[in-house]
Amino acid sequence: MLKMTHLSKAYRTEVVETYALRDFSIHVREGEFVAVTGPSGSGKTTFLTIAGLLEEFNGGEYQLDGANVRGLNDNQRSRLRNEKIGFIFQAFNLISDLNVQDNIDVPLRYRGFNGAERRRRIQESLERVGLSARSRHYPAELSGGQQQRVAIARALAGSPRLLLADEPTGNLDTQMARGVLDLLEELHRDGATIVMVTHDPELAIRAQREVHIVDGQVVDLTAQPRLVVGANAQL
Amino acid sequence: MFSYYFTLALRSLKRNVVLTLLMIAAIGVGIGASMTTLTVFRAMAGDPIPEKSTQLFSVQIDNWGPSKKTVVTGDEEHLQPQISYPDAIGLMNAHAAPRQSAMYATGFALTPSNPQLLPFQVHARAAYTDVFRMFDVPFRFGGPWSSADDENRADVVVITRELNDKVFDGSNSVGKMLNLDNHDYRVVGVMDQWQPIPKFYDLNNDKYGKSEQLFLPFTRAIAGEMSSWGNNNCAGDIGAPGWQGRLHSECIWIQFWAELPTTADVDRYRRFLNNYASDQQRSGRFNWPAHTRIRDARQWLVYQHAILDEVRILVLVSFSFLFVCLLNAMGLMLAKILGRAGDIGVRRALGANRRAIFSQCLIEAGVIGFAGGLLGLALTALGLVGLRALLSEEVSRLTHFGLMDISIAILLAVFATILAGLYPTWRAAHVQPAWQLKAQ
């Protein structure tokens, strides 16, 4: 599903060149739930933005769902992002002046679905996250946990092949975090491929496999997949 | 997607009402100022007879020579804008143009047959019958007088619809008599609405004013010794006293127009005019080489400075002001868009390509422009009221604001705002989603 080989990403100024990722290789198979961990500044978020086609890389190869993304133009990257990737952000990133259903509608509009198809998908994804009754609410009227569920519904609405989550529980209290994590696990059991960036080892345990990044390099790639922790496991 | 972007634009504008109102105000004020002056400019610079302006030619003959000053400011050719009676008759008798007319402004005291109406003054134009076909004058009743009427100095007149309404209650007055200066003239035609602006055929007096209320044969006016009510210039040499003295003098007081439909006609007439002036030199009347000129109606308006310099300056100033207003609007739009960089980053992450963001922001700019245009229309109406106090009455009369002007104002506002929005929109389309999302 996601395969990066000897990938590098450097940020350059006139006087200094800083590598965020160096000789970075990772392979996430279809249906896997992978946690990417590491200390602050290790390159976790850079990995995620490159994986999500939000940022270019300098060297190496990146294959997403079998397609080499190097050299794709903005249109092609945007289409690939829209069709194959769902994002879940730490800060939820809902658009404040759109209500719940309009927020979920955003990627579907860019996909070019007609009105009936969009309504069906919005309804289904809201039911999936248990927020059907809140479709007309605005983000400010929802709790943090509910906002993150809306963000997950938005990510799911386009039926992506890959879910990328950046600290999805980072802005939530323990109870809400548990609910969101349960939802991610449920999605994984239903076949979703999930890559979750987190600096919290407790969260990483809930994933099927953990990839640890230090200074832009994978230092510990668990060879054998862990068993999925039970759905009712505690944080 | 247009309706989607349009809805997003309305939501975005409601999000920050103060900023939105500031942008609309900036554009509205600029549009109001520029449209106010443009309305006057367009009316003054408009082609008064667009279908024939390249076929109608004003004739100039230098009958004063290089020693006398010209009467047209800035005329480096030292040519007089009018011609003398001897030249008018000389040209008419030559029949060198398919249609031609000498003409001059005069006037009468009109005594209505209706005893309830008091006598009043009317402005008249003495001309040849060709003038009606040359200038495409529309008729409500009857038509022009005949060439025979010209030759016979007939007591006939063509009157305007307005005068017909006043004197004959709008009825068909063809065949009825009109008492002018205690002499009866037969009405042969009633014109329909006809008001070329500027009054291109005689720009010497009240160039933006109304056309004359009646027309009569030039030959009849001369025979009746009807004096000129227009501009008369003798450059210090007024000739012998009396009417005959005036007719034989080199005073200039007559306008001369010729209709020359083809370029061959124009070339032929130009040669004729030069030969005419050369003949005058040979006969001893002119002791200088032939110096003549013909100009079509558009060239004539430019030559005669029919567009006031102050209006040109006002247009320039107001469009500069519009430019400054647009720069302000651009700054405000930039601030607004950069304030939404986070949302744009999210949209990019969710699959919007640069073109989609560009379209969304540009449509938002268009909506702002449209609202600015509406405000600009209201301010234009106010501006035109103010302009009437600033400019002369004859210019004020031109300040009509029609459907065309409304369309121009709205289109100008939308187009200008979209133009001003290009840079902020380009910035929006190039928002780096990764950076925005990391920042959040």
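Residues numbered from 1 in each chain as written. Chains lettered and ligands numbered in written order. Predicted model: local features only at pLDDT ≥ 70, side-chain atom pairs only at ≥ 80, totals over all residues. Heavy atoms only, no water.

**Student:** How would you sum up the overall build of chain B? Please name residues and give values.
**Tutor:** From N to C terminus, chain B includes 16 helices and ten strands. For chain B, the residues scored as buried account for 52% of the 440 residues in total. If you take every contact in chain B between residues at least 6 apart in sequence, the share linking residues at least 24 apart comes to 77%. Element-wise, carbon and sulfur atoms account for 58% of the exposed surface of chain B, whose accessible area totals about 19400 Å². (Helix = DSSP H or I, 4+ residues; strand = E, 2+ residues; numbered from the N terminus. Buried < 20%, exposed > 50% of the residue type's maximum accessible area, 1.4 Å probe, protein only. Contact = heavy atoms within 4.5 Å. Areas by Shrake-Rupley, 256 points an atom, 1.4 Å probe, with all protein chains shown as cover.)

**Student:** Before we move on, could you go through the interface of chain A and chain B and cite the residues and values that matter?
**Tutor:** Each side of the interface is counted separately: chain A has 26 residues, and chain B has 26 residues. Summing both partners gives a buried area of about 2400 Å² for chain A against chain B, and 55% of it is carried by carbon and sulfur. The largest share of the area that chain A buries against chain B comes from Leu54(A), Arg109(A) and Tyr110(A), three residues that together contribute 26% of it. There are three salt bridges connecting chain A and chain B. For Arg11(B), the salt bridge is made with Asp102(A), and the minimal N-O distance between the two is 2.9 Å. Between chain A and chain B we count ten residue pairs in polar contact (both at pLDDT 80 or more) in total. (Buried area = accessible area lost by both parts, 1.4 Å probe. Salt bridge = Lys/Arg side-chain N within 4 Å of Asp/Glu carboxyl O. Polar contact = N/O pair within 3.5 Å; in protein donor to acceptor, adjacent residues only side chain to side chain.)

**Student:** Can you break down unusual backbone geometry residue by residue, with the values?
**Tutor:** Where the residue is not glycine, phi is negative for most of them; where a peptide bond is considered, it is trans in most cases. Residues and elements named next belong to chain A. The phi torsion at His 6 lies on the positive side, around 50°, for a residue other than glycine. Residue placement: His 6 occurs in strand β1 (residues 2–12). Of note in the backbone geometry, Phe 92 takes a positive phi value of approximately 65° without being a glycine. Within the fold, Phe 92 resides in the loop between β6 (85–88) and α3 (100–111).

**Student:** With reference to specific residues and values, describe the confidence of the model for chain B.
**Tutor:** Of the residues in chain B, 92% have a pLDDT of 70 or more, and the chain-wide mean is 87. In the predicted assembly, ipTM is 0.85 and pTM is 0.64. (pLDDT = per-residue confidence, 0-100.)

**Student:** Outline the environment of Ser320(B), listing residues and values.
**Tutor:** Residue and element names in this part refer to chain B. With respect to the secondary-structure elements, Ser 320 resides in helix α11 (residues 309–339). The class of Ser 320 is partly exposed, set by a relative accessible area of 40%. In this structure, the C-alpha to C-alpha distance between Ser 320 and Ala 33, residues 287 residues apart in sequence, is 10.0 Å. In this structure the side chain of Ser 320 is engaged in a polar contact, spanning 2.7 Å, whose partner is the backbone oxygen of Leu 316.

**Student:** Describe the packing of helix α5 (residues 144–157) of chain A against helix α6 (residues 174–189) of chain A, naming the residues involved and giving the relevant values.
**Tutor:** Residues and elements named next belong to chain A. As a packed pair, α5 and α6 sit with axes 9 Å apart at the nearest point and diverge in direction by 20°. The orientation of α5 relative to α6 falls into the category roughly parallel. With respect to the hand of their crossing, α5 and α6 are arranged in right-handed fashion. Taking contact as the criterion, the partners of Gly 144, Gly 145, Gln 148, Arg 149, Ile 152 and Leu 156 in α5 are, on α6, Met 176, Gly 179, Val 180, Leu 183, Leu 184 and Leu 187. Looking at the contact of α5 with α6 residue by residue, the class counts come to seven nonpolar, four polar and one charged. (Axes fitted to C-alpha atoms, helices over the stretch in contact; angles between N-to-C directions. Parallel < 35°, antiparallel > 145°, perpendicular 65-115°, else oblique. Left-handed = near helix turned anticlockwise from the far one by under 90°. Nonpolar A, V, L, I, M, F, W, Y, C, P; charged D, E, K, R; others polar.)

**Student:** Please set out the packing of aromatic side chains residue by residue, giving values where relevant.
**Tutor:** All names here are of chain B. Using the criterion set out here, one finds 28 aromatic pairs over all chains in the structure. With a centroid separation of 5.3 Å and 55° between ring planes, the pair formed by Tyr 269 and Phe 272 is classed as tilted. With a gap of three residues between them, Tyr 269 and Phe 272 both fall in helix α9 (residues 263–282), about one helical turn apart. Through pairs of rings, three or more aromatic residues link up here, namely Phe 135, Trp 194, Phe 200, Tyr 201, Trp 257, Trp 300 and Tyr 303. Lying over the aromatic face of Phe 120, Lys 166 brings its terminal NZ or CZ to 3.9 Å of the ring centre. Directly above the ring of Tyr 303 sits Arg 295, whose terminal nitrogen or CZ lies 3.6 Å from the centroid. (Phe/Tyr/Trp six-rings, centres within 6.5 Å; stacked < 30°, edge-to-face > 60°. Lys NZ or Arg CZ within 6 Å of the ring centre and 35° of its normal.)

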